[in-house]
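# Observations on the model geometry
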Amino acid sequence: MDVRHEAGHDREEIGAEGPDPAGPVIAGRGRRSASFALRRLRPRHPLAWGLLVAVAALVLTPVASLVAIGSRGDPELWPHLAAYVLPDAVATTLMLLAGVAALTTLIGVGTAWLVAVHDFPGRGLVTWLLPLPLAFPTYIVAYVYADTLDTLGPVQGALRGLLGITVPAGSLLPEVRSLGGAVVVMSLVLYPYVYLAMRAMLQARSAALTEAARLLGAGGFRIARAITLPMARPALAAGLALVLMETLNDIGATEYLGVRTLTLAVFTTWLNRGSLAGAAQIACVMLVAVAALIALERHARRGRSVAASSADSRACRRVPLAGRAGALALLACLVPVGLGFAVPFVFLLREVFTRGLLVGFDPDLVRHAGSTVMLAGGATVLTLALGFGVAFAARLIRRRRAGALLGAAGLGYAVPGTVLALGLLGPLVAVDEAIGSVVRALTGHGAGLLLAGSAAAVTIAYTIRFLAIATGFAQAALARLPVDLDDAAASVGARPRRVVAAVHLPLVRPALLGAALLVFVDCLKELPATLLLRPLNTETLATYVYQFATRGSFEEGALAALLIVLVGLVPVIRMVRLSDDLDPDAPLA
Amino acid sequence: MPTSPRLRSCVLAAVAAIAAPAAAVAQTGTPAGEVNVYTYREAKLVAPLFEAFTKDTGIKVNTISASSGLEQRIATEGANSPADVLLTVDIGRLKEAVDRGVAQPITSEVLDKVVPAQYRDPNRLWYAVSARARVVYASKARVAQNEITYEELADPKWKGRVCIRSGQNIYNNALFAAVIAHLGEAKAEEWLKGLKANLAQKPSGGDREVARDIAAGKCDIGVGNTYYWALMSEREPDKKAWAEATKVILPTFKGAGTHMNISGVILAKHAPNKANGLKLIEWLVGEQAQKIYADMNFEYPIRPGVTAHPVISGYGELAADPLPIATIAENKKAAATLVDKVGFDN
């Protein structure tokens, strides 16, 4: 078999997959198709196993330390939590998740459908604009909307002006600081996960079948219902899983909007009820719930293999929408971008100028921006190296047990940042003390906290937290490459290392880039773990903004917030362009 | 070993990713002339204090600020912890630090002389450096009375007219702990139920939002700290209107005074720069620092003789509750439990 040719062909398939941040979560389809005969002949790959075990151990360490903390809990707390705290927190969390899932599906699938299946004036532009809200941390958008839509905010002020009301007496609009407000705010920021996953799927996957159905005379709606949506279900599941985990992990936005979720219960149990153990216990229960969510998502993705087997990934011709229909489609796509990106962006810009934040520029900001990019960049490199490393390893091994280890490596994404930080600190210090005692034996001086006291702690936390994105992308991309490819390379005498370097790595480049961008943006926005683990005299842009936010005057941090978004925009735009490069319509290089 | 260049560059990149931060290792084995402060006070607020301290003493101050988990971090860091001093914004975190065993007794005649007994730990494990009162913001237009008791907040006459932030917030936690200390747990529960029944909306936002919601006509009275009102009125032009729509009433407990909370310090058990840490703590209760607390942060200075900012003293004659802060700390957990029990935040 001509490997080059195969590679060129497969590129198209990756194309459909690469930009798919869906890929991200935990695909984990083992190579069950491998035949027994081959398996027996296959080498044992000690290095690959070693890497898998080491990375899984790295991720599971904070979880294990959390379980250990939880097991020291005082037994009196649970009855109290079960009676007064958990029922409400669970109900609130479920309602929040359900609401965000529904709204992000509506926005994400709707817009993806429009840009993937239809053609209308401005389609090119909105394709590019729709993912932009991803650059915003949810808590910033929450502050912006709570402020803008407040009774004394500009919107209601204008409304009162229109209605001729002079003395404000209560709110004219629904309260933003509520469960409903949280659902809307979080959906506006998180829908791009669904959009990106769905768009990639919709325009590539169903092409051949759709065309066939159209030839057979099926209408657009029928095609959608019978073919496209069922096939896109795995992508929807993947996108939604990301959305839901982000929602579950959020602390800034929900706390500010007064929505008392389980994550907040972890905090209050730790801080107010004075029980770290109780907090760890709730966190462990949440972990179990998330594991169930992941299992569910995997189950939903199973259908994907059918779609993947379709070698023909030509895009179907888009149905043009002209006149009013076209204008409506454009409007439907512009609204989420406007609300999720333009409004908060303009708000921040206005604050920056009216407060003279540029003139009274805080010189420290440059330093903070530098450390932010350094930390995020370092963590991105490490995350990609480990994430793709384990994915390659699992592929070489082709065993179910390797798949399980790979799954474990993705578990960190499910752990709320603060909880992760708490769980990580103990093991880091233990390593530091071990190093310290060796150093002391050799030199007579202690080494201090090499890991826990340095930027290494934050870097490791980011890596554990976002590893799932890298492994997800890697798995999704590798799944597109036929196993025959490896076997062919092996049959001409290539060693596994060379197979990875010469065959896998070049072929998964788009996925690597996609994962890098998403991990980088997520690191930029990360707040809770950074707050707790960063070394002395170090701020990131996110912690800088948060400082003002905790003082109740986050507008003064508007410039830093704007910087987070601007720095985040670069990768997000790059991601869109990447997916455009790989657009099945676009000529492939 | 035959390794492809591509793979090698990947490995190199991974190594660099770990090594770069490790090379940037911040503070291990701090040289003399420094002090490491873990602070719940936002860096921006304490920066002028520390600048003045460094100017005064030549000691460099390294800081890390966070809104939660610092005492946990110190505890986990153990004997190698770089922390010398922990600065908190309320009594709860001080007690937490003491309970976790990360504090060491402070022996200082200066502190014993300056800080009133009510505002320090009987075992000298923590000292207050500034104080604030938790008071009532009331609508100028819709509330005529200029006196109020904390007990009255649960009076049905305020039904649907009260705004407050989360009952689990540290400042409310301390206030409710004081209520328990004064009324006993059973009556405190009744009081909390009454207060909840009076709320105009679910607890949310912060103390500034209380003033904002009063200005917006959503409620008539609310609970907030003394310095927030002053900050809005004096430093935040866009929020001045919220302050102007409200007045500050200094409430009292029946037969006692106005509930006070403190910002305070502990000296870390394994402080590597203990002498400098102690110097900083003593400096914080000195004239200059106390003046900064009063004028820049609008707090009540802890040092007798230093006067509060005119805006703060404009609230009226403060009759501080004589209840020892240590007693409030003891009731903190019971207060959190009570808030859960009556579903205050739901």
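Note that the structure is a prediction, hence the values are computed from the model and not measured.

## A look at the overall build of chain B
- For chain B, the count of helices and strands is 15 helices and 10 strands.
- Taken along its principal axes, the extent of the C-alpha atoms in chain B is 80 × 55 × 40 Å.
- Put simply, of all contacts in chain B between residues at least 6 apart along the chain, 78% involve residues at least 24 apart.

## Some points on the overall build of chain A
- Within chain A one finds 25 helices and 2 strands.
- Counting over 589 residues, chain A shows a buried share of 56%.
- Partitioning the intrachain contacts of chain A with sequence separation of at least 6 by distance along the chain shows that 85% fall at a separation of at least 24.

## Structural notes on the domain arrangement of chain B
All names here are of chain B.
- Partitioning chain B into domains gives domain 1 (34-131 + 261-313) and domain 2 (132-259 + 320-341).
- The gap between the C-alpha centroids of domain 1 and domain 2 is 26 Å.
- Residue-level contacts link 19 residues of domain 1 with 19 residues of domain 2.
- Elements that contribute at least two residues to the side of domain 1 that touches domain 2 include exactly helix 4 (91-99), strand 5 (127-139), strand 9 (260-268) and helix 13 (310-313).
- In the side of domain 1 that touches domain 2, the residues fall into 10 nonpolar, 5 polar and 4 charged.

## Some points on the environment of B:Thr39
All names here are of chain B.
- Summarising the element assignment, Thr39 is placed in strand 1 (residues 34-39).
- When the 22 C-beta atoms within 10 Å are taken as the criterion, Thr39 is described as buried.
- With 84 residues separating them in the primary sequence, Thr39 and Asn123 have C-alpha atoms 22 Å apart.

## What to know about the pairing of strand 2 (residues 60-65) of chain B
All names here are of chain B.
- Within strand 2, 5 of the 6 residues are buried, which leaves it mostly tucked inside the rest of the structure.
- Summarising the sheet, strand 1 and strand 2 pair through 6 bridges and their orientation is parallel. Following the sheet pairing, Thr39 is matched in strand 2 by Ser65.

## A word on the pairing of strand 7 (residues 221-225) of chain B
All names here are of chain B.
- The element strand 7 is largely enclosed, with a buried count of 5 among its 5 residues.
- Two strands pair when backbone bridges link them, and strand 5 and strand 7 are joined in this way by 5 bridges, in the antiparallel orientation. Bridging from a neighbouring strand, Ala138 pairs with Ile221 of strand 7.
- Bridge analysis of strand 6 (residues 162-163) against strand 7 gives 2 bridges, and the strand direction is parallel. Each bridged residue has a counterpart across the sheet, and for Val162 the counterpart in strand 7 is Ile221.

## Focus: the packing of helix 4 (residues 77-117) of chain A against helix 15 (residues 323-354) of chain A
Residue and element names in this part refer to chain A.
- Two elements in contact, helix 4 and helix 15, have axes separated by 10 Å at closest approach and are oriented at 140°. On the basis of their axis angle, the class for helix 4 and helix 15 is oblique. Crossing geometry of helix 4 relative to helix 15 is assigned as left-handed. For the pair helix 4 and helix 15, the contacting residues are Ile107, Gly110, Thr111, Leu114 and Val115 in the first and Ala329, Ala332, Cys333 and Pro336 in the second.
- Here the residues of the contact of helix 4 with helix 15 sort into 7 nonpolar, 2 polar and no charged.

## Concerning the confidence of the model for chain A
Residues and elements named next belong to chain A.
- Residues at a pLDDT of 70 or more form 86% of chain A, whose mean pLDDT is 81.
- Looking at the elements of chain A, mean pLDDT is at its lowest for helix 1 (residues 3-17), recorded as 36, and at its highest for helix 15, recorded as 94.
- Confidence drops under pLDDT 50 across residues 1-41; counting only partners more than four residues distant or on other chains, this segment forms 115 contacts.
- Below pLDDT 50 for its whole length, residues 582-589 participates in 18 contacts with residues either more than four positions away or in separate chains.

## Concerning unusual backbone geometry
- The residue A:Asn537 is not glycine, and still its phi comes out positive at about 60°.
- With respect to the element layout, A:Asn537 can be found in the loop between helix 23 (528-533) and helix 24 (541-550).
- In this structure, B:Phe298 takes a positive phi of about 55° despite not being glycine.
- The residue B:Phe298 is located in the loop between helix 12 (287-297) and strand 10 (300-301) in this model.
- With 23 C-beta atoms counted inside 10 Å, the residue B:Phe298 sits in the buried group.

## Some remarks on helix 12 (residues 262-271) of chain A
- Judged by how many residues are buried, helix 12 of chain A sits mostly within the fold: 10 of 10 residues are covered.
- Of the residues making up helix 12 of chain A, those classed as buried are A:Leu262, A:Thr263, A:Leu264, A:Ala265, A:Val266, A:Phe267, A:Thr268, A:Thr269, A:Trp270 and A:Leu271.

## Thoughts on helix 7 (residues 185-198) of chain B
Residues and elements named next belong to chain B.
- Helix length check: helix 7, at 14 residues, gives a terminal C-alpha distance of 20 Å against a target of 20 Å (1.5 Å per residue), a fit within 8%.
- Listing the buried residues of helix 7 in full gives Ala188, Trp191, Leu192, Leu195, Lys196 and Asn198. Relative to the axis of helix 7, the buried residues are bounded by an arc of 155° and lie together on one face. Across helix 7 from its buried face, at more than 90 degrees, point the exposed residues Ala186 and Glu190.
- Each element contacted by the buried residues of helix 7 is listed here: strand 6, helix 6 (170-183) and helix 15 (332-341).

## A few points about the interface of chain A and chain B
- Listed by partner, the interface residues are 63 residues for chain A and 61 residues for chain B.
- Grouping the constituent residues of the side of chain A that touches chain B by class yields 29 nonpolar, 23 polar and 11 charged.

## Some points on the packing of helix 16 (residues 364-397) of chain A against helix 17 (residues 400-409) of chain A
All names here are of chain A.
- Look at helix 16 against helix 17: their axes get within 9 Å of each other, and the N-to-C directions meet at 165°. Between helix 16 and helix 17, the crossing angle belongs to the class labelled roughly antiparallel. For the element pair helix 16 and helix 17, the recorded crossing hand is left-handed. On helix 17, the residues that touch Val390, Ala391, Ala393, Ala394 and Ile397 of helix 16 are Ala402, Gly403, Leu406 and Ala409.

## As for the confidence of the model for chain B
- Per-residue confidence for chain B gives a mean pLDDT of 90, with 91% of residues at or over 70.
- Here residues 21-30 of chain B scores under 50 on pLDDT; set against residues more than four positions off or in separate chains, the count is 35 contacts.

## Comments concerning the environment of B:Glu282
Residue and element names in this part refer to chain B.
- Considering the arrangement of structural elements, one finds Glu282 in helix 11 (residues 274-284).
- Sequence separation between Glu282 and Val110 is 172 residues; the distance between their C-alpha atoms is 6.6 Å.
- Those residues in contact with Glu282 that sit more than four places away from it in its chain are Ser108, Val110 and Leu111.

## Quick notes on the nonpolar core
- Counting residues in each nonpolar core, the largest one holds 311 residues, and the members touching the most others are A:Leu52, A:Met198, A:Ala461 and B:Leu86.
- Here this core gets 19 residues from one element, more than from any other, and that element is helix 19 (residues 455-480) of chain A.
- Mapping this core onto the domain boundaries places at least three of its residues in each of domain 1 (34-131 + 261-313) and domain 2 (132-259 + 320-341) of chain B.
- A:Ala461 has contacts with A:Leu420, A:Ala421, A:Leu424, A:Ala529 and A:Leu533, leaving out every residue within four places of it along the chain.

## A look at the environment of B:Leu250
Residue and element names in this part refer to chain B.
- In this structure, Leu250 sits in the loop between strand 8 (246-249) and strand 9.
- Taking the C-alpha atoms as reference, Leu250 lies 7.0 Å from Tyr315; in sequence the two are 65 residues apart.
- Residues within four places of Leu250 in sequence aside, it is in contact with Ala133, Val135, Thr258, Tyr315, Gly316 and Leu318.

Conventions we followed
- Residues numbered from 1 in each chain as written.
- Chains lettered and ligands numbered in written order.
- Predicted model: local features only at pLDDT ≥ 70, side-chain atom pairs only at ≥ 80, totals over all residues.
- Helix = DSSP H or I, 4+ residues; strand = E, 2+ residues; numbered from the N terminus.
- Contact = placed C-beta atoms within 7 Å.
- Buried ≥ 20, exposed ≤ 12 C-beta atoms within 10 Å, placed from the backbone.
- Domains from an automatic or database assignment.
- Nonpolar A, V, L, I, M, F, W, Y, C, P; charged D, E, K, R; others polar.
- Pairing = 2+ DSSP bridges.
- Axes fitted to C-alpha atoms, helices over the stretch in contact; angles between N-to-C directions.
- Parallel < 35°, antiparallel > 145°, perpendicular 65-115°, else oblique.
- Left-handed = near helix turned anticlockwise from the far one by under 90°.
- pLDDT = per-residue confidence, 0-100.
- Expected span 1.5 Å × (residues − 1).
- Arc of directions from axis to C-beta.
- Core = buried A, V, L, I, M, F, W, Y, C linked by C-beta atoms within 7 Å.

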